[in-house]
Amino acid sequence: MIKHLLSIDQLSPSQIELVLKTADSFREVGTRTIKKVPILRGRTVCNLFFESSTRTRISFELAAKRLSADVINFTGDARSSLAKGESFKDTAQTLQAMGVDAIVVRHSSAGAPHRLSRWVEASVINAGDGAHEHPTQALLDLYSIREHFPSFDGLRVGIVGDILHSRVARSDVAALTKMGSQVTLVAPPTLIPPAIDSWGAEISYDLEEVLPKLDVVYLLRVQKERQNEQLVPSLREYATFWGLDRRRVDLMKPEAIIMHPGPMNRGVEIAADVADLERSIIIDQVTNGVAVRMSLLYLMLGAADRALEEVPVG
Amino acid sequence: MADILLRGGRLVDPAGEADATCDVLISGGRIEAVGTGLDPGRAEVIDVDGAIVAPGFVDTHVHLREPGREDEETIASGSAAAVLGGYTAICAMPNTDPVCDNAAVAEKVAATGSFLGLTQVIPAGSLTQGLQGKHLAAIGEMATCNARVRLFTDDGHGVQDARLLRRAMEYLKGFGAICAEHCDDESLSEGGHMHEGEYSSRLGLRGQPAEAEELALARDIVLARLTGARFHALHVSTARSVAIIRQAKADGLPVTAEATPHHLTLTDACLVDYDTNFKVNPPLRSPHDVEVLRAGLADGTIDNIATDHAPHAAQEKEAEFEAAPPGLIGLETALGVIMGELVEGGLLTLGDMVRRMSTTPARILGLEGQGGPVVPGAWANLVVFDPGARWTVDPGKFASRCRNCPWAGKELVGRVLLTVFQGRVVGRDGQVSTAAPLGAFA
C-alpha cells in the first residue's frame, strides 16, 4: 500500500478495490455492540486540522479509535501554536518528534499535505486541502455507490454545483473515471474550472437535460461565503437552475440515487424533502466514511505485509 | 592594478562584430589590445584556450533586498552572486525597505555597489511613492542624482491606475528615463498563485490568467504611444504578450522587452508537487507560452534575458504553497540554463546569447563600458566561460544568501571560469576574489 494518501491519482484501480473490499469487514465491526478491534494498538494517529471540519475529524477519530489507535487532535484554534506564529513546518516536526505514526491533515491551503509529507516520517493522509482533493471522501463515495450498483463500469454520474472550488469534485472525478464511470459536471460556466478538458469528464450547464441520463446525482454544497465573488447572481438564482427539487427528481431514472458530501444547504442545492427521500443515501455516506477510513488506516499502517484474509475482525 | 593577458580564448563580441580566437590584453582597468600572439610583457597570463571571452553579462532585473531584508540578500552577497554568474552590471529593483523612491536610497545603493567593486550596481527607482501606486516618486531627483537612475518601475506590481502611469511616462520622458512595468492587471490576477490553466484547475490553486499580463501590457503600450515614453516590459511570460510587443515594434514604438531563464525553460507542470521554489510572479506558463516566448527571443522581439533574481528566506518558502512568497534566484544559474537549453538546444547561437545577455541590456540601461565592444580603450568588463562544462547545481555553494532555486540538483551546461570587472579578476572558478575592493579604506 502507499505511504501517504495525498491524491486519488496515487491509487490504482486494484488498490481502490482493495480499500473498498477491506472496508466491508470494518463496516460490520460498526454494527456490533463492542465496536473495537485491536489492530492499531500502540499506534498513534494525529488529526491535524487547520480548518474546522467537525464531521471529517470525528469520522477519522472514530475510525482510529475503533482500530484501538491512540488519537490526538490538533486544531488550529486561537490557543494553538499557530496563533503564536509557529510555521507549518515547525508544527509538523514537533508532532514528528513526539512519535506519531500517521497524520490526518485538513488545511485550507491546497497542497499542504504534499508539503507536510516532505517534512515528516509519519504517513500523511489528506483529509481535504483547499480546493485540491479530498481523497477519503471519494473512496467513501465509491463504497456507497457500490452498495447500489454492481459495477462502476459505464455508470453515469453527474456532479452538480461549485466544481471550481470543490476538492470533493476533483477527487470524485479522478476516482470515478479511474473505475470506468462516466462523469458529467453540471454547473453554471462560472463554477467550472478553466482548462477542464483534461479531466475526462463531460460538461453541461443544463441540469434538467442531464438528469434523465444519470445513475448517480451528486450534489455539492454551495459555499455561501463565496457569494461576494460574483460567480452567480444570487443563491435564489442558483437554486432555480441547479437546485434539486421534487419536480427535478421526477426526471431521474427510477433506480438513480442522490448523494451529497455534507453539510447540506437545504433549500439551496437540495430541497429539504429531497434530502430525506429513500433514494437519497447521504446518511449511508456518513456511516460508510468510518468504515472506509478504518480500512485505509489499517492498510496504510497496520497490515502492509499481511494478507487480506487475515484481517482480524473476530 | 596588475595587467592581465587572456590568452587563446574565443572572443564573442556582437558589439564589435567579433567572433574569433584571439588574446585580450588588459591594462589599467581597460582593454589594451585585442589580437593574436600578443606579448604579455609583465602581465599575468591566464590561459583561456577553449573558453569563450565575452563582454560581461548585464542583468536588467535583480532584487538585492538591501536596504530592509539583509537576511535575504545584501548588495554584497548579491554582487558576489552576480560575479559567479558572470555579470558585470546588475540593475537593482526598488522594492526595498525603505523603497528606492528618492535620491538618498538610490545613491546609497549605487555607492555601496561602487565601494564593493565587484560588479556595477545600478539602482532602479520606483515610479510611485512607496510603490503604493498613488503619487509620483521623486523621479527627477533620482534621475539627476549621483546614481543617475535611468529605469523606473513599481516592479512586484504594475501601476494599476492608467492616468497615473500616463503621468509617470510623460514626466520621466523629460529626463530621458525608461518606464519599466511588471505588467499585471490585478483585478484579474489577484489571489492567484500560479498560471491559470490545466494545472491550476487540477491542483486546486487559484490561477493568474495570461490575460492579466496581456491586458496590462497592451494598455502600457497604448500609453507609451500616447506619451512617447521609452517603455520596457519586464519578465514577459505569455505567447500573446510576445505578439503584442512584436506589433508595437512593427509600429515603430520605442519598446523593449525582457524574458527570464525560468519563463524560457520551465512550465506550470513543474508545480505538481507544490514545490514553492517554482512559485514565481509572473507564474510559470504553459508549454505553448514557452515555445512562443523562445521564438520571440530568437527573432529579437524579446530583446534581452534578465534573471529576476528574487531571494526569499528559507522559512518563508518552507510554508504552505499559498502562503509562500513568489520568486526564485537566478544569477548563478542563468548561463548554465541558457547555454544548455537554448544554445545547445539550437535556438540561439553563442553570439545571439551574448547579445541578449550583455550587449542589448547594456544598451537598454545606457551603460558606458558594458556590453562591449571589446576594443582598445574600452573598460575591461568581461566574462570567460566554458561553454561545454556540465555541472550540477548545489545551492549550498551559492554566493547568494538564499537557496530558493528551482534548478537545485539539475545538471546545467556552461560554466563561468572568470569574471573581470573594470580590469580586475573579481571571480575565478566559482570563487569571488577576496582582494580588497576598489573603494575599501586603506
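Each remark here, short or long, concerns the structure printed above.
Predicted, not measured: the structure shown is a model, and the values here were computed from it. (Residues numbered from 1 in each chain as written. Chains lettered and ligands numbered in written order. Predicted model: local features only at pLDDT ≥ 70, side-chain atom pairs only at ≥ 80, totals over all residues. Heavy atoms only, no water.)

Regarding its fold elements, chain B presents 13 helices and 19 strands. Looking at the 442 residues of chain B, the share that counts as buried comes to 61%. Pairs at least 24 apart in sequence give 74% of the contacts found in chain B among residues at least 6 apart. Only carbon and sulfur atoms are counted for the fraction: they give 49% of the accessible area of chain B, which is about 15,700 Å². Side chains of chain B give 37 positive and 58 negative charges; the mean places of these two sets differ by 3 Å. (Helix = DSSP H or I, 4+ residues; strand = E, 2+ residues; numbered from the N terminus. Buried < 20%, exposed > 50% of the residue type's maximum accessible area, 1.4 Å probe, protein only. Contact = heavy atoms within 4.5 Å. Areas by Shrake-Rupley, 256 points an atom, 1.4 Å probe, with all protein chains shown as cover. Lys, Arg positive; Asp, Glu negative; His and termini not counted. Charge placed at Lys NZ, Arg CZ, Asp CG, Glu CD.)

Packed helices, taken two at a time, are described by the angle between their axes plus the distance between the axes. Residues and elements named next belong to chain A. Between helix α5 (residues 135-146) and helix α6 (residues 167-178), the least distance of the axes is 8 Å, while the angle of their chain directions is 50°. In terms of orientation, α5 and α6 fall into the oblique class. Crossing geometry of α5 relative to α6 is assigned as right-handed. For the pair formed by α5 and α6, the contact residues are P135, Q137, A138, D141, L142 and I145 on the first element and V168, S171, D172, A175 and L176 on the second. When the residues that make up the contact of α5 with α6 are grouped by side-chain class, the tally is seven nonpolar, two polar and two charged. (Axes fitted to C-alpha atoms, helices over the stretch in contact; angles between N-to-C directions. Parallel < 35°, antiparallel > 145°, perpendicular 65-115°, else oblique. Left-handed = near helix turned anticlockwise from the far one by under 90°. Nonpolar A, V, L, I, M, F, W, Y, C, P; charged D, E, K, R; others polar.)

Residues and elements named next belong to chain A. On inspection of all chains with the given rule, the structure shows four cavities of 30 Å³ or more. Size it by volume and the largest cavity reaches roughly 110 Å³. D162, L191, V222, Q223, R226, Q227, Q230, L231, V232 and Y238 are the residues that line the largest cavity. Partitioned by chemical class, the residues of the lining of the largest cavity number five nonpolar, three polar and two charged. Its volume calculated, the second largest cavity comes out at about 60 Å³. Split into classes, the residues belonging to the lining of the second largest cavity amount to nine nonpolar, one polar and two charged. (1 Å grid on protein atoms, 1.4 Å probe; cavity = no way out; pocket = protein on both sides within 12 Å on 5 of 7 lines; lining within 4 Å. Points joined across faces, edges and corners; volume = space filled by probe spheres on them.)

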